[in-house]
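Fold and contact review
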Amino acid sequence: HRILYFFSFFQEIDLFMENCQRFPSFEHMLNHFSVAHTRKYLTAMHFFESEGLIKRDPKIQDIYANLDMIERYLGAFDQSDPFFQIIHNYYHFLDQKHTAGKITIRTVRLSLTPAVKFLQYCSLCRATKPNQTVLDGYLWCLPGQRNTLSGFISFYNRKYATSLVLSTKKNIPKTVTLKSPGTSKKRREQIFIQMLRTLNSEGTHYEQYSKEDILRIAIEYLHDVKIPKEGVVLSFLPIKQRKGEYFIRFAGREFFLPVEVAKKVFH
């Protein structure tokens, strides 16, 4: 009853068998279809395995899973994007170390992960290249990323003759010291209520508030937290749902969001 779902997958395998006169091995499948593609057709893969047509190799699967993710990272930016060349240069640097046997392919993938996320954050901040303000804002939101990002920042400073600084302090806590907003609680309440009224009203005023505006106004009022204006983009962070309640995590802490607010951000 699901033959149409798997039809194109079976067609590709038939074509391989016609050309090679044998059933593709597990490694050939991962190489041809990618790990993500074979996961999509996991039921068929289990069937092939149960029939003895393929033999799963966890080591090969792990290698291709890393290669698959690396390929996704390298395609994270358009070629016209200024960050495209940066991430490709970083990959070539890592790949040279991998070729020399100094690091594993898994290390290459793990090193690219924070680099891509940081560059995507830079893009949201409308920066054409990494700068200290955006870096400080990123680490304000995600203080736990300081160590994982150090390798990329060191590379970027050397490659592009910059002097971005993570911090000179040791044993930096994974939480940030938060301050209270400068405006009064009453004023923040008025702004918050006005925002909810506008968002819930019938009309064309919805676009008056961006996702970033909604999060900032809600958090500053509900949690008495001052959100820095420069370099901080809360809409970059995922909103998680747990037992029917919504939360956003930044500065090393978790902040509750009312359903009314969370749904508007998800809109």
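Just above sits the structure.
Residues numbered from 1 in each chain as written. Predicted model: local features only at pLDDT ≥ 70, side-chain atom pairs only at ≥ 80, totals over all residues. Heavy atoms only, no water.

Our next topic: the overall build of the protein chain. Along its length, the protein chain carries twelve helices and three strands. Here the protein chain has a C-alpha radius of gyration of 24 Å; the compact-globule value for 267 residues is 18 Å, and the former is much larger. With the C-alpha coordinates of the protein chain rotated into their principal frame, the extents come out at 75 × 50 × 35 Å. Split by element, the accessible area of the protein chain, about 16,500 Å² in all, is 51% carbon and sulfur. Taken together, the 38 basic and 25 acidic charged side chains of the protein chain have centroids lying 10 Å from each other. (Helix = DSSP H or I, 4+ residues; strand = E, 2+ residues; numbered from the N terminus. Rg over C-alpha atoms; globule rule 2.2 N^0.38 Å. Areas by Shrake-Rupley, 256 points an atom, 1.4 Å probe, with all protein chains shown as cover. Lys, Arg positive; Asp, Glu negative; His and termini not counted. Charge placed at Lys NZ, Arg CZ, Asp CG, Glu CD.)

Looking now at empty space enclosed by the protein. Counting across every chain of the model gives one cavity of 30 Å³ or more. Of the pockets and cavities examined, the largest cavity occupies roughly 40 Å³. Every residue lining the largest cavity is listed: Phe-26, Val-35, Thr-38, Arg-39, Leu-42, Met-45, Arg-56 and Gln-61. Counting residues per element, the ones that place at least two in the lining of the largest cavity are α3 (35-40) and α4 (42-50). Looking at which element gives the most residues to the lining of the largest cavity, the answer is α3, with three residues. (1 Å grid on protein atoms, 1.4 Å probe; cavity = no way out; pocket = protein on both sides within 12 Å on 5 of 7 lines; lining within 4 Å. Points joined across faces, edges and corners; volume = space filled by probe spheres on them.)

Examined against the element boundaries, Arg-146 turns out to sit in helix α9 (residues 146-160). A polar contact of 2.8 Å, which involves the side chain of Arg-146, links it to the backbone oxygen of Leu-166. (Polar contact = N/O pair within 3.5 Å; in protein donor to acceptor, adjacent residues only side chain to side chain.)

Together, Ile-3, Leu-4 and Phe-7 make up an exposed nonpolar region whose accessible area comes to about 350 Å². In this fold, Phe-7 is placed in helix α1 (residues 3-20). Residue Phe-7 is classed as partly exposed on the basis of its relative accessible area, which comes to 43%. (Patch = residues over 30% accessible without salt bridge, like charges linked within 9 Å, V, L, I, M, F, W, Y side chains within 5 Å. Salt bridge = Lys/Arg side-chain N within 4 Å of Asp/Glu carboxyl O. Buried < 20%, exposed > 50% of the residue type's maximum accessible area, 1.4 Å probe, protein only.)

Moving on, we get to helix α8 (residues 132-141). With seven of ten residues buried, α8 lies mostly within the body of the structure. The complete set of buried residues in α8 reads Val-134, Leu-135, Gly-137, Tyr-138, Leu-139, Trp-140 and Cys-141. Structurally, the start of α8 carries an N-cap: the backbone nitrogen of Thr-133 is 3.1 Å from a side-chain oxygen of Asn-131.

Turning to its location among the elements, Asn-66 is positioned in helix α5 (residues 58-74). A distance of 2.9 Å separates the side chain of Asn-66 from the backbone oxygen of Asp-62, its partner in a polar contact. Those residues in contact with Asn-66 that sit more than four places away from it in its chain are Ile-105, Arg-106 and Arg-109. (Contact = heavy atoms within 4.5 Å.)

Before going further, it helps to examine the packing of helix α6 (residues 82-99) against helix α7 (residues 105-124). Put simply, α6 and α7 touch, their axes get as near as 10 Å, and they point 165 degrees apart. Regarding the angle of α6 to α7, the classification is roughly antiparallel. Where α6 crosses over α7, the two elements pack in a sense that is right-handed. In contact with Phe-83, Ile-86, Ile-87, Tyr-90, Tyr-91, Leu-94 and His-98 of α6, α7 contributes Ile-105, Val-108, Ser-111, Leu-112, Ala-115, Val-116, Leu-119, Cys-122 and Ser-123. When its residues are assigned to classes, the contact of α6 with α7 shows 13 nonpolar, three polar and no charged. (Axes fitted to C-alpha atoms, helices over the stretch in contact; angles between N-to-C directions. Parallel < 35°, antiparallel > 145°, perpendicular 65-115°, else oblique. Left-handed = near helix turned anticlockwise from the far one by under 90°. Nonpolar A, V, L, I, M, F, W, Y, C, P; charged D, E, K, R; others polar.)

One non-glycine residue, Asp-224, lies in positive phi territory at about 55 degrees. By the element assignment, Asp-224 lies in the loop between α11 (211-222) and β1 (239-242). Residue Asp-224 is classed as partly exposed on the basis of its relative accessible area of 32%. Not every positive phi belongs to a glycine, and Lys-243 is a case in point at roughly 55 degrees. Within the secondary structure layout, Lys-243 lies in the loop between β1 and β2 (245-250).

On to the layout of surface pockets. Approximately 400 Å³ is the volume attributed to the largest pocket. The wall of the largest pocket is formed by 22 residues, among which Lys-117, Leu-142, Gln-145, Leu-237 and Pro-238 lie closest to the centre. When contributions to the lining of the largest pocket are tallied by element, the ones reaching two or more residues are α7, α8 and β2. Here the lining of the largest pocket is composed, by residue class, of twelve nonpolar, five polar and five charged.

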